[in-house]
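Each chain is listed here by its residues.
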Amino acid sequence: MKHAVDNGAGNRNASRSNPTARNVPAGDVLTTKLMEPAPPKADPVIEISDLRVWYAGANGPIQAVNGVSFSLAPGEVLGLVGESGCGKSTLGRGLLNLLPPSAAVDGVFNFDGTDLLAGNRTEWNKKRGAGLGMIFQEPMTRLDPLMRISDHFREAIRTHEKISKKDADLRALETLRALGIPPSRYKNYPHEFSGGMRQRIMIALALALRPKFVVADEPTTALDVLVEAQIVRILAEMKVSFAPAMLLITHNLGIVAEACDRVAVMYAGQIVEEGPVEQVFARPQHPYTRELLKSTISLTTTELNSIPGAPPDLGDPPKGCYFHPRCPDAMAICGESSPPEVTSPNGSRAKCWLGSLESVSAAGRAPLQRQELSAADEA
Amino acid sequence: MKPDVMNPDLATSQAGGLKTQTSPSGGGKSGKPTEPLISIKDLSVHFSMQGSSIGRLLGKTSGAVKAVDGINLDLAPGEVVGLVGESGSGKSTLGRAVLGLAPVTGGSISYRGEQINGLSEKDMRPLRRKLQMVFQDPHASLNPSMTVGDAIGDALRIHGMSAEERPAAINAALERVGLAPASRFAPKYPSELSGGQKQRAVIARAICLGPELLVADEPISMLDMSVRAKILGLMDDLRRDMGLTFIYITHDLASARFFCDRVAIMYLGRIVEIGPTEEVFANPKHPYTQALLAAIPDPDPSQKGQRNLPRGEIPDAAKPPAGCAFHPRCPMAFDRCGWEARDLRVILEQRWTKVDTETYLSESKRFGSLGSTVTTDSKALVKPGHGSVDDLVNTLAEIREDDPEEIFWRGVRSVEPKPNGVEFSFTESSKPKLLPIVDTGVQVACHLYH
Ligand SMILES: Nc1ncnc2c1ncn2[C@@H]1O[C@H](COP(=O)(O)OP(=O)(O)OP(=O)(O)O)[C@@H](O)[C@H]1O
Ligand SMILES: Nc1ncnc2c1ncn2[C@@H]1O[C@H](COP(=O)(O)OP(=O)(O)O)[C@@H](O)[C@H]1O
Ligand code: SF4
Ligand code: SF4
Ligand SMILES: [Mg+2]
Ligand SMILES: [Mg+2]
């Protein structure tokens, strides 16, 4: 009986093609999903809970990350999207302890069984590179123009591991080749490479240390369409070859669809929706996700849509749901109290009152009177 | 601000044109032929690399960068033409040349039948109010020490508007681009505006004199994704309300598809395909156009799949490939597409990222420095490294046998041992010309079609 239900569900939804489920028989995944509303993942590499980051602002603290929680299994890729200024880079850098001294971080960050936020921060910095990797947007500003590529690798590898130059070279060459950089170019200088090659070198540099978790902050934004597609393919292949868990920050929803298992949508410092990419893109639960998807210009766009207004000032966010001044679905309660996070049976979660309407009074459900927003208020 | 206030002569000449323009077939092509607003003939912009310190640093000691190399393009009044391609394909240079901002080294540009390239700055000035530009980076386009109102006022003053008339014109321009109420935005400095607001201010400055042509160079690519649709929507309104003609420069095919009547796909200074937007997107003909379209990541996860991506990147414009400039990356290339010695290096390097270390080491040592192959038009001499010429011949034969499908070999007529190396001779090649394909309205520069 239960078996029949499993098969039916498996045929209907897309979880068979979900890359995270690839190595697990589909039936098992579905059974777990049916029994457990929010399936706990086996041995996550990182577990973040209630992470908060503040910057010192001129008019008091700016809360750039506000109670973010998620975990990643080995090899799992989480896409992080949201408008500019919503805290994506702050979150990514915060996880690597790369924030400026004016920033304060609080919460729990379990990596490899230890809470890096609890201990002293030198422990954290030691993990960076070897355990925690970072791929930046502009490779040229990260590569020393006077150092050969070989020296970049030797230095990076030997700072973290006691191995010979020869072994470091072998490791470097193996990684570079996996990313399509010819070994014959190992002794070249950064300026002798094209933009796309430099980005591959940066990725190789991060991967040569075999990190378990990598943050990639808009790794393809500066690249051309075709080269971007090549890098996205490499990121997707990385899941098989090197399998680090990854937080991939991007503005490009197409890249999320192409390279990520799950997606987190960030608004005003909070993750407002998170779940499997197929789920979230096909059936967004949060109005912000829905509007963001609608405002993206794609090849099938015949009519332009946009979200009126701009994200709030994080030094003084609005009361209630942070999205309520711009939300087409806003109700009276949205301007008063912060919505609870609701996890749906398929494993995606959203922070919106629409997910728990049964607990809202009739008055609370009344449409919210909103001020007119114009271009004048846009981002 | 009504169109006739903005631009009296345009409004009269455009009254009929505007209607056809909104039809999907695109402006200016249906009905009786209109005189082009802008006509570009055999245009070349070659930058000499001699003496440039950047050139020396990058090892380009001589020669010229053919940023724009023989381009023909007419723009009908009210038409939106997209220039699409990767960076370095010459889009910006072409756009700038139309406004007299890049040095024309050959061919001509005409505005309403009058040649405008080579005009003195004095003669060009009255035209500047008709031909305007919007750049990619709104921040860099605005003077940080000037309020938005002053920036627009300055443009009006340069073109002779009296101080009394200016405030009304500034307000009208600001409100036209959505910076309303103008009284709130005119006194703002650029640093007080968001990216989207800055780009609106830049557009206000560009339209305040009632131009006919707007060259918009990647106007939305530096903006946040949620703002792009707003600015593209604004430009679409301007085109409709003011009858503006656009050259829309972008590497983003999706926005080009939405906004343009025609698109020209550029590669290394040349147009490789041009035609009505719908036709080019529905039936892309040039392998480069096909590749660009296939490369767009699809936001629909159910479409996830293996795509055929061309290898490599856009080459250095100072040393363009022989024959068809796209041949080193083209999956359809064949014998006469322009194969040459340096392509050997590329396929060898590519191979060496795939074979095991042993094979790489044993193969690579057979080759002398790969950079120093001696080349003539159709022959190349590859020098041996460790080992004899015969060893090199054998290694080459093994490599070819290992991957006989590699398209490079299609262009290789013979591989012969010579006393000091291995001589390759390649099939004679030619540059494909941009020629029409019957019944499509599309022109393509590719040997597959002609
Ligand atoms: N060093 C800093 N000091 C003070 N505030 C900062 C600092 N860095 C970022 N912020 C603020 O923190 C918020 C989040 O910024 P963050 O760079 O993380 O956003 P983002 O989502 O990465 O944006 P983008 O998409 O533009 O990269 C913004 O309001 C920003 O102004
Ligand atoms: N002022 C200049 N001097 C020398 N080379 C230039 C100059 N401007 C552009 N180029 C070169 O011309 C080619 C085309 O550039 P550009 O028109 O900016 O292309 P796109 O806008 O398509 O990216 C590139 O190789 C570029 O380096
Ligand atoms: S909680 Fe209310 S305002 Fe917020 S997203 Fe949901 S419906 Fe919109
Ligand atoms: S001519 Fe056509 S087939 Fe040949 S390389 Fe160029 S694009 Fe490819
Ligand atoms: Mg960022
Ligand atoms: Mg450009």
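Just so it is clear, the structure is predicted and the values come from calculations on it, not from any experiment.

A. Representation of the site of ligand 3. Close to ligand 3 lie 13 residues, the nearest being Cys-321, Cys-327, Cys-334, Cys-352 and Trp-353 of chain A. In terms of residue class, the shell around ligand 3 is built from 10 nonpolar, 2 polar and 1 charged.

B. Up close: the sheet that holds strand β6 (residues 132-135) of chain A. Residue and element names in this part refer to chain A. The sheet built from 8 strands is open, its strands ordered β6-β7-β8-β3-β9-β10-β12-β11 with mixed pairing. The outermost strands of the open sheet, each flanked by one partner alone, are β6 and β11 (341-343). Each strand of the sheet is rotated relative to its neighbour by a mean of 20°, with strand direction disregarded.

C. Summary view of the side chain of Glu-212 of chain B. Residue and element names in this part refer to chain B. In this fold, Glu-212 is placed in the loop between α11 (195-207) and β7 (213-217). Taking relative accessible area as the criterion, Glu-212 reaches 1% and is therefore assigned buried. In this structure the side chain of Glu-212 is engaged in a polar contact, spanning 2.4 Å, whose partner is the side chain of Tyr-111.

D. The interface of chain B and chain A, seen in detail. Each side of the interface is counted separately: chain B has 59 residues, and chain A has 54 residues. When chain B packs against chain A, the two sides together hide about 4600 Å² of surface, and 58% of this comes from carbon and sulfur. For the pair chain B and chain A, the interface holds 1 salt bridge. For the salt bridge of Glu-349 of chain B with Arg-185 of chain A, the shortest nitrogen-to-oxygen distance reads 3.6 Å. Going through the elements one at a time, α10 (182-185), α11, α12 (225-242), α13 (253-259), α15 (287-295), α16 (341-352) and α17 (357-364) of chain B are the ones with two or more residues in the side of chain B that touches chain A. The element that contributes the greatest number of residues to the side of chain B that touches chain A is α12 of chain B, accounting for 9 residues. Grouping the amino acids of the side of chain B that touches chain A by side-chain chemistry returns 27 nonpolar, 15 polar and 17 charged.

E. Quick peek at the site of ligand 4. Close to ligand 4 lie His-286, Pro-287, Cys-324, His-327, Cys-330, Met-332, Ala-333, Phe-334, Cys-337, Cys-446, His-447 and Leu-448 of chain B. Among the residues making up the shell around ligand 4, the classes are represented as 9 nonpolar, 3 polar and no charged.

F. Examining the environment of Glu-349 of chain B more closely. Here Glu-349 of chain B is to be found in helix α16. Judged by relative accessible area, which is 7%, Glu-349 of chain B ranks as buried. With 11 residues separating them in the primary sequence, Glu-349 of chain B and Tyr-360 of chain B have C-alpha atoms 9.4 Å apart. Once you skip the residues sitting within four places of it in the chain, Glu-349 of chain B turns out to touch Pro-182, Ser-184 and Arg-185 of chain A.

G. Geometry of the confidence of the model for chain A. On average, residues of chain A score 85 in pLDDT, and 86% of them reach the 70 mark or higher. In the model, residues 1-38 of chain A has pLDDT below 50 throughout and makes 36 contacts with residues more than four positions away in sequence or in other chains.

H. The packing of aromatic side chains, seen in detail. Summed over the entire model, instances satisfying the criterion amount to 18 aromatic pairs over all chains. Ring geometry for Phe-408 of chain B versus Phe-424 of chain B: centroids 6.3 Å apart, planes at 50°, classification tilted. With Phe-408 of chain B in the loop between α18 (389-402) and β13 (412-418) and Phe-424 of chain B in strand β14 (residues 421-426), this pair connects stretches of sequence that are 16 residues apart. Positioned above the aromatic ring of Phe-136 of chain A, the side-chain terminus of Arg-142 of chain A is 3.7 Å from the ring centre.

I. Just the pairing of β6 of chain A, in detail. Residue and element names in this part refer to chain A. By the alternation rule, side chains of β6 split into Leu-132 and Met-134 and Gly-133 and Ile-135, which are all buried. For β6 and strand β7 (residues 213-217), the ladder comprises 4 bridges, and the chain directions are parallel. Its bridge partner being in β7, Ile-135 is matched across the sheet by Ala-216.

J. Structural context of the pattern of salt bridges. Residue and element names in this part refer to chain A. All told, the structure shown has 40 salt bridges over all chains when counted by the stated rule. Where Asp-169 meets Arg-154, a salt bridge forms, and the shortest distance between an N and an O atom there is 2.8 Å. Residue Asp-169 is found in helix α7 (residues 165-178), and its partner Arg-154 is found in helix α6 (residues 149-160); the two are separated by 15 residues along the sequence. According to the relative accessible area criterion, Asp-169 is buried, its value standing at 15%. Among the residues examined, Arg-154 registers a relative accessible area of 15% and is labelled buried.

K. Quick look at the sheet that holds strand β1 (residues 46-57) of chain A. Residue and element names in this part refer to chain A. Pairing is antiparallel in the open sheet, where 4 strands are placed in the order β2-β1-β4-β5. The open sheet has two free edges, formed respectively by β2 (60-72) and β5 (114-115), since each of these has just one partner strand. Bridge count for β1 against strand β4 (residues 103-111) is 8 bridges, and the pairing is antiparallel. Along β4, the bridge assignment pairs Ile-46 with Phe-111. Each of β1, β2 and β4 is contacted by helix α3 (residues 88-95), which is oriented at about 65° to β2, the strand it contacts most.

L. Structural detail: α7 of chain A. The end-to-end C-alpha distance of α7 of chain A, which contains 14 residues, comes to 20 Å, matching closely the 20 Å that a straight helix rising 1.5 Å per residue would cover. For α7 of chain A, the complete set of buried residues consists of Ala-168, Asp-169, Arg-171, Ala-172, Thr-175, Leu-176 and Arg-177 of chain A. On its buried face, α7 of chain A is in contact with α6 and α8 (195-207) of chain A together with α16 and α17 of chain B. Of the residues one or two after α7 of chain A, Gly-180 of chain A is the one with positive phi, at around 80°.

M. Broad picture of a positive patch on the surface. Residue and element names in this part refer to chain A. Taken together, the side chains of Arg-148, Arg-158, Lys-165 and Lys-187 make up a positively charged region of the molecular surface. By the element assignment, Arg-158 lies in helix α6. Classification of Arg-158 as partly exposed rests on a relative accessible area of 42%.

N. Seen up close, the pairing of strand β10 (residues 270-276) of chain B. Residues and elements named next belong to chain B. Most of β10 sits out of view: 6 of its 7 residues are buried. Here 6 bridges tie strand β9 (residues 262-267) to β10, and the two strands are oriented antiparallel to one another. Bridge assignment links Arg-262 to a residue of β10, and that residue is Pro-276. Counted along the chain from β9 to the antiparallel partner β10, the turn is 2 residues long, and its residue Leu-268 has a positive phi close to 45°. Here 2 bridges tie β10 to strand β16 (residues 442-444), and the two strands are oriented antiparallel to one another.

O. Representation of the packing of α11 of chain B against α12 of chain B. All names here are of chain B. At a closest axis distance of 10 Å, the pairing of α11 and α12 adopts a crossing angle of 20°. The angle between the axes of α11 and α12 places the two elements in the roughly parallel class. Between α11 and α12 lies a crossing of right-handed hand. Contact residues: α11 offers Gly-196, Gln-199, Arg-200, Ile-203 and Ile-207, while α12 offers Val-227, Lys-230, Ile-231, Leu-234, Met-235, Leu-238 and Met-242. When its residues are assigned to classes, the contact of α11 with α12 shows 8 nonpolar, 2 polar and 2 charged.

P. Quick peek at the environment of Tyr-248 of chain B. All names here are of chain B. Take Tyr-248: it is sitting in strand β8 (residues 245-250). The exposure class of Tyr-248 is buried, given its relative accessible area of 0%. Here the side chain of Tyr-248 touches Ser-255 through a polar contact of 2.8 Å, side chain to side chain.

Q. Representation of the confidence of the model for chain B in the model. When pLDDT is averaged across chain B, the result is 88; 87% of the residues are at 70 or more. Taken over the whole predicted complex, pTM reads 0.87, whereas the ipTM for its chain interfaces reads 0.86.

R. Representation of the nonpolar core. Residue and element names in this part refer to chain B. The biggest cluster of nonpolar side chains holds 103 residues, and the ones touching the most others in it are Leu-174, Ile-203, Tyr-248, Phe-367, Phe-408 and Phe-424. Mapped onto the domain boundaries, this core takes at least three residues apiece from domain 1 (3-50 + 62-294) and domain 2 (339-426). Every residue in contact with Leu-174, bar those within four places of it in the chain, is listed here: Val-148, Ile-152, Leu-179, Ala-182, Ala-186 and Ala-204.

Definitions and cut-offs
- Residues numbered from 1 in each chain as written.
- Chains lettered and ligands numbered in written order.
- Predicted model: local features only at pLDDT ≥ 70, side-chain atom pairs only at ≥ 80, totals over all residues.
- Heavy atoms only, no water.
- Near = heavy atom within 4 Å.
- Nonpolar A, V, L, I, M, F, W, Y, C, P; charged D, E, K, R; others polar.
- Pairing = 2+ DSSP bridges.
- Helix = DSSP H or I, 4+ residues; strand = E, 2+ residues; numbered from the N terminus.
- Axes fitted to C-alpha atoms, helices over the stretch in contact; angles between N-to-C directions.
- Buried < 20%, exposed > 50% of the residue type's maximum accessible area, 1.4 Å probe, protein only.
- Polar contact = N/O pair within 3.5 Å; in protein donor to acceptor, adjacent residues only side chain to side chain.
- Contact = heavy atoms within 4.5 Å.
- Buried area = accessible area lost by both parts, 1.4 Å probe.
- Salt bridge = Lys/Arg side-chain N within 4 Å of Asp/Glu carboxyl O.
- pLDDT = per-residue confidence, 0-100.
- Phe/Tyr/Trp six-rings, centres within 6.5 Å; stacked < 30°, edge-to-face > 60°.
- Lys NZ or Arg CZ within 6 Å of the ring centre and 35° of its normal.
- Expected span 1.5 Å × (residues − 1).
- Patch = residues over 30% accessible without salt bridge, like charges linked within 9 Å, V, L, I, M, F, W, Y side chains within 5 Å.
- Areas by Shrake-Rupley, 256 points an atom, 1.4 Å probe, with all protein chains shown as cover.
- Lys, Arg positive; Asp, Glu negative; His and termini not counted.
- Charge placed at Lys NZ, Arg CZ, Asp CG, Glu CD.
- Parallel < 35°, antiparallel > 145°, perpendicular 65-115°, else oblique.
- Left-handed = near helix turned anticlockwise from the far one by under 90°.
- Core = buried A, V, L, I, M, F, W, Y, C linked by side-chain atoms within 4.5 Å.
- Domains from an automatic or database assignment.

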